[in-house]
Amino acid sequence: MVFYECLMTAKNTAHYNNLTALMKDISLKIVNNGGIVRSIQNHGVRQLPHRFRAKYADREGNRYYEKGRFISVFYDASPGIMRQVEGILNLDEQILRNTHLKGRNKFMDVNNVRETKNPYIQEILQEDERSGAN
């Protein structure tokens, strides 16, 4: 299992019930396929760095958005499940953009067996070299 962070930007006009249903669908997809949802965070409505274009215009005719609601989902799942989650988000018209990042935590470094890749072992080896030189 891989730890992922999914950051999505939704329309600022998206209804709370629609976004809640989308988060439940994503969480259900992850959990039913053996994954773990660690957290869902709503970062609120913020100004976008530039205007985002939606795939389709909404009922009022708005296609361009200056503000958006940012939401993060942190979860552990296989890469196949991550692609399925991306598919769900790409099909939802309330989501303007989404990005999946492979999350990093300190346990990844500790569990790394290779000495050249583990920063903690490198630090100890450097200290040993310094103490041996003295």
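As shown above, the structure is provided for reference.
Residues numbered from 1 in each chain as written. Predicted model: local features only at pLDDT ≥ 70, side-chain atom pairs only at ≥ 80, totals over all residues. Heavy atoms only, no water.

Draft legend 1. How the structure looks around the layout of surface pockets. Approximately 200 Å³ is the volume found for the largest pocket. What lines the largest pocket is Lys11, Thr13, Ala14, His15, Asn18, Tyr56, Ala57, Asp58, Arg59, Glu60, Glu93 and Gln94. Class assignment for the residues of the lining of the largest pocket results in three nonpolar, four polar and five charged. Computed from the structure, the second largest pocket encloses a volume of approximately 170 Å³. Ala14, His15, Tyr16, Leu19, Thr20, Met23, Ile40, Gln41, Asn42, Arg69 and Ile71 are the residues that line the second largest pocket. (1 Å grid on protein atoms, 1.4 Å probe; cavity = no way out; pocket = protein on both sides within 12 Å on 5 of 7 lines; lining within 4 Å. Points joined across faces, edges and corners; volume = space filled by probe spheres on them. Nonpolar A, V, L, I, M, F, W, Y, C, P; charged D, E, K, R; others polar.)

Draft legend 2. Focus on the pattern of salt bridges. Taken as a whole and judged by the stated rule, the model has one salt bridge. Between Arg38 and Asp76 there is a salt bridge; the shortest N-O distance is 2.8 Å. Taken together, the residues Arg38 in strand 2 (residues 36–53) and Asp76 in strand 3 (residues 64–77) connect sequence positions 38 residues apart. Since its relative accessible area comes to 9%, Asp76 is described here as buried. (Salt bridge = Lys/Arg side-chain N within 4 Å of Asp/Glu carboxyl O. Helix = DSSP H or I, 4+ residues; strand = E, 2+ residues; numbered from the N terminus. Buried < 20%, exposed > 50% of the residue type's maximum accessible area, 1.4 Å probe, protein only.)

Draft legend 3. Summary view of the packing of helix 1 (residues 16–32) against helix 2 (residues 79–91). Between helix 1 and helix 2, the shortest axis-to-axis distance is 10 Å and the interhelical angle comes to 160°. With respect to helix 2, the axis of helix 1 lies roughly antiparallel. Between helix 1 and helix 2 the crossing geometry is right-handed. The segment helix 1 lies against helix 2, with Leu22, Ile26, Lys29 and Ile30 engaging Ile81, Gln84, Val85, Ile88 and Leu89. Looking at the contact of helix 1 with helix 2 residue by residue, the class counts come to seven nonpolar, one polar and one charged. (Axes fitted to C-alpha atoms, helices over the stretch in contact; angles between N-to-C directions. Parallel < 35°, antiparallel > 145°, perpendicular 65-115°, else oblique. Left-handed = near helix turned anticlockwise from the far one by under 90°. Contact = heavy atoms within 4.5 Å.)

Draft legend 4. Representation of a negative patch on the surface. Negative charge collects at one region of the surface, where Glu123, Glu127, Asp128 and Glu129 lie side by side. Relative accessible area serves as the criterion here: at 59%, Glu129 is assigned to the exposed category. (Patch = residues over 30% accessible without salt bridge, like charges linked within 9 Å, V, L, I, M, F, W, Y side chains within 5 Å. Areas by Shrake-Rupley, 256 points an atom, 1.4 Å probe, with all protein chains shown as cover. Lys, Arg positive; Asp, Glu negative; His and termini not counted. Charge placed at Lys NZ, Arg CZ, Asp CG, Glu CD.)

Draft legend 5. Broad picture of the nonpolar core. Grouped together as the largest cluster of nonpolar side chains are 20 residues, with contacts concentrated most on Met8, Met23, Ile26, Ile30, Tyr75, Val85 and Leu89. Where this core is concerned, the elements lending two or more residues are strand 1 (2–11), helix 1, strand 3 and helix 2. Residues within four places of Met23 in sequence aside, it is in contact with Met8, Ile40, Ile71 and Val73. Membership of the second largest hydrophobic core comes to six residues, among which are Leu48, Ala54, Tyr65 and Leu96. (Core = buried A, V, L, I, M, F, W, Y, C linked by side-chain atoms within 4.5 Å.)

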